[in-house]
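Listed below, chain by chain, are the residues.
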Amino acid sequence: MDTAGEFLFGKDDFGTLDMPLTQPGAEMVEGAKSATVEGGYGSFVNAFESAQVLTTKRLAMGPYGWAMAEFFNDSVKKHVRVVNSYLEPLVRDAVQERKSLKPEEKGEKHEYESFLDNLADSTGDVQLIKDQLLNILLAARDTTAQLLSWTCYVLALHPDIMDRLRQEVLATYGESEVPTFENIKTLKYLRAVLDEVLRLFPPVPVNVRSPFNDATVVPARQGPLYFSSAGMLCNWSVISMHKHKDLWGEDADKFDPDRWIDPARARKQFAYNEASFVIVRLMQLFDRFTLSQKEAAPPSALPPASWKDSNGRKRVEEAWPKSALTLYSKGGMWIKMHLASSS
């Protein structure tokens, strides 16, 4: 959130890493998606995540089903009010600052201009700016955080893969050199690990699209898809496609980064580089991760015992993947990180 806050709002004082850590154990209160967070920022996070969970339920009920179910009580409204109370002062300050500029200053471009400043430079519509900020915040905060969480999870389950990844990091940077966005792209195995995490735990596990026009035909491998009217919904499961054995082979449920080793592949996305940077620094400091879901997560967040008798990934999961616009670990992801002996 600190990184996203600086990019989106031009603020570097969120200080989320300085906030009290959530205490593990059975007494920990499970939030909408993970553990509850205290304070003003915690209120924003809890409201933001609750709104995501409820919005996902609305999507599952369809446009008329949720409207009927919530005819007398809008379940999302109170959470939207909290989110707005957090964002609105930031937006209004930015709009007011733009209005106070002299005419000759308004056209100037600043080297470190934030996304909020750019929006305020384009429009004075506070609601439109808030909508755009929330849209990007979902991608900047949730998806990257979940990629990092699931990466730590699989490294805890596969210490051999973590050892191999750590050797690549240490061979490139040693124990203290700070990676750059340019040379971080040379880490082939790190790239493969992140790609395989994204395959098995895609940040957006389910998606939906609808055509703008009536009588729309979309080409498809097994015959065209026909949409009779504009607005007709087409849902698909990314997480199911990523585990389809026709596409990935008989070992589709297995976590295997080697399937992605390809020297021609390279990533340039901001979120990918951000996640890579964090993983490199973790590999420099820690030589082992262990999963602590059973000891630290609330009992309600543990996968059902019946999963052990299931097929596919359910049989091996020790955290409970849940979907609320993005894929998260129910009750949070609890990992013990063991300092390397040289650290």
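This text goes with the structure placed above it.
Described in the following lines is the structure provided in the data block. Everything quoted here is computed from the prediction, not taken from an experiment.

With respect to the overall build of the protein chain
Stage number 1. The helix and strand inventory of the protein chain stands at twelve helices and eight strands.
Stage number 2. Classification of the 343 residues of the protein chain by burial places 39% in the buried group.
Stage number 3. Counting only carbon and sulfur atoms, one obtains 55% of the accessible surface of the protein chain, whose full area is about 19,400 Å².

Regarding the layout of surface pockets
Stage number 1. When its volume is computed, the second largest pocket comes out at roughly 960 Å³.
Stage number 2. Forming the walls of the second largest pocket are 33 residues, and the residues nearest its centre are Thr 55, Thr 56, Leu 59, Leu 138 and Leu 325.
Stage number 3. Elements with a minimum of two residues in the lining of the second largest pocket: helix H2 (39-69), helix H3 (77-100), helix H6 (126-157) and strand E1 (206-209).
Stage number 4. Here the lining of the second largest pocket gets eleven residues from one element, more than from any other, and that element is H2.
Stage number 5. When its residues are assigned to classes, the lining of the second largest pocket shows 18 nonpolar, twelve polar and three charged.

Side note on the pattern of salt bridges
Stage number 1. If you walk through the whole model with that rule in mind, you get ten salt bridges.
Stage number 2. Notably, a salt bridge pairs Glu 182 with Lys 185, separated by 3.8 Å at the nearest N-O pair.
Stage number 3. One salt bridge connects Arg 313 with Glu 317, and the closest N-O pair in it is separated by 3.0 Å.
Stage number 4. Residue Arg 313 is classed as buried on the basis of its relative accessible area of 9%.
Stage number 5. Each of Glu 196, Arg 199, Asp 251 and Arg 259 takes part in salt bridges that share partners, so that together they form one network.

Details of H6
Stage number 1. Its 32 residues give H6 an end-to-end C-alpha distance of 46 Å, which sits within 8% of 46 Å, the value for a rise of 1.5 Å per residue.
Stage number 2. The largest bend in H6 comes to about 25°, at Leu 137.
Stage number 3. Its side-chain oxygen 3.1 Å from the backbone nitrogen of Gln 127, Asp 125 forms the N-cap of H6.

Let's talk about helix H7 (residues 159-173)
Stage number 1. The terminal C-alpha atoms of H7, which comprises 15 residues, lie 21 Å apart, in line with the 21 Å expected from a rise of 1.5 Å per residue.
Stage number 2. Of the positions making up H7, those classed as buried are Ile 161, Met 162, Leu 165, Arg 166, Glu 168, Val 169 and Tyr 173. The arc that holds every buried residue of H7, seen down its axis, measures 155°, which confines them to one face. Structural note: H7 exposes Asp 160 and Ala 171 on the side pointing more than 90 degrees away from its buried face.
Stage number 3. Gly 174 sits one or two positions beyond H7 and adopts a positive phi of about 70°.

Some remarks on the environment of Ser 276
Stage number 1. Here Ser 276 lies in helix H11 (residues 270-285).
Stage number 2. Given a relative accessible area of 2%, Ser 276 falls into the buried group.
Stage number 3. Sequence separation between Ser 276 and Arg 191 is 85 residues; the distance between their C-alpha atoms is 7.8 Å.
Stage number 4. Setting aside chain neighbours within four positions, we find Ser 276 in contact with Ile 184, Leu 190 and Leu 194.

A word on the nonpolar core
Stage number 1. Judged by nonpolar contacts, the single largest core of 36 residues is most densely connected at Trp 150, Tyr 153, Val 197, Phe 201, Met 283 and Phe 289.
Stage number 2. Mapped by element, the contributors of at least two residues to this core are H6, H7, helix H8 (188-200), H11 and strand E5 (286-291).
Stage number 3. Counting residues per element, this core draws most heavily on H6, which supplies eight residues.
Stage number 4. For Trp 150, the contacting residues outside a window of four places in its chain are Val 197, Phe 201, Ala 319, Pro 321, Leu 327, Tyr 328, Ser 329 and Met 333.
Stage number 5. Counting residues in each nonpolar core, the second largest holds 20 residues, with Phe 44, Val 91, Leu 116 and Val 126 among its members.

Section: the side chain of Arg 58
Stage number 1. One can find Arg 58 in helix H2.
Stage number 2. The class of Arg 58 is buried, set by a relative accessible area of 14%.
Stage number 3. Residue contacts for Arg 58: discarding those within four places in its chain leaves Trp 66, Glu 70, Asp 74, Ser 75 and Val 76.

Quick notes on the rules
Residues numbered from 1 in each chain as written. Predicted model: local features only at pLDDT ≥ 70, side-chain atom pairs only at ≥ 80, totals over all residues. Heavy atoms only, no water. Helix = DSSP H or I, 4+ residues; strand = E, 2+ residues; numbered from the N terminus. Buried < 20%, exposed > 50% of the residue type's maximum accessible area, 1.4 Å probe, protein only. Areas by Shrake-Rupley, 256 points an atom, 1.4 Å probe, with all protein chains shown as cover. 1 Å grid on protein atoms, 1.4 Å probe; cavity = no way out; pocket = protein on both sides within 12 Å on 5 of 7 lines; lining within 4 Å. Points joined across faces, edges and corners; volume = space filled by probe spheres on them. Nonpolar A, V, L, I, M, F, W, Y, C, P; charged D, E, K, R; others polar. Salt bridge = Lys/Arg side-chain N within 4 Å of Asp/Glu carboxyl O. Expected span 1.5 Å × (residues − 1). Bend = angle between axes of the 7 residues up to and from the residue. Polar contact = N/O pair within 3.5 Å; in protein donor to acceptor, adjacent residues only side chain to side chain. Arc of directions from axis to C-beta. Contact = heavy atoms within 4.5 Å. Core = buried A, V, L, I, M, F, W, Y, C linked by side-chain atoms within 4.5 Å.

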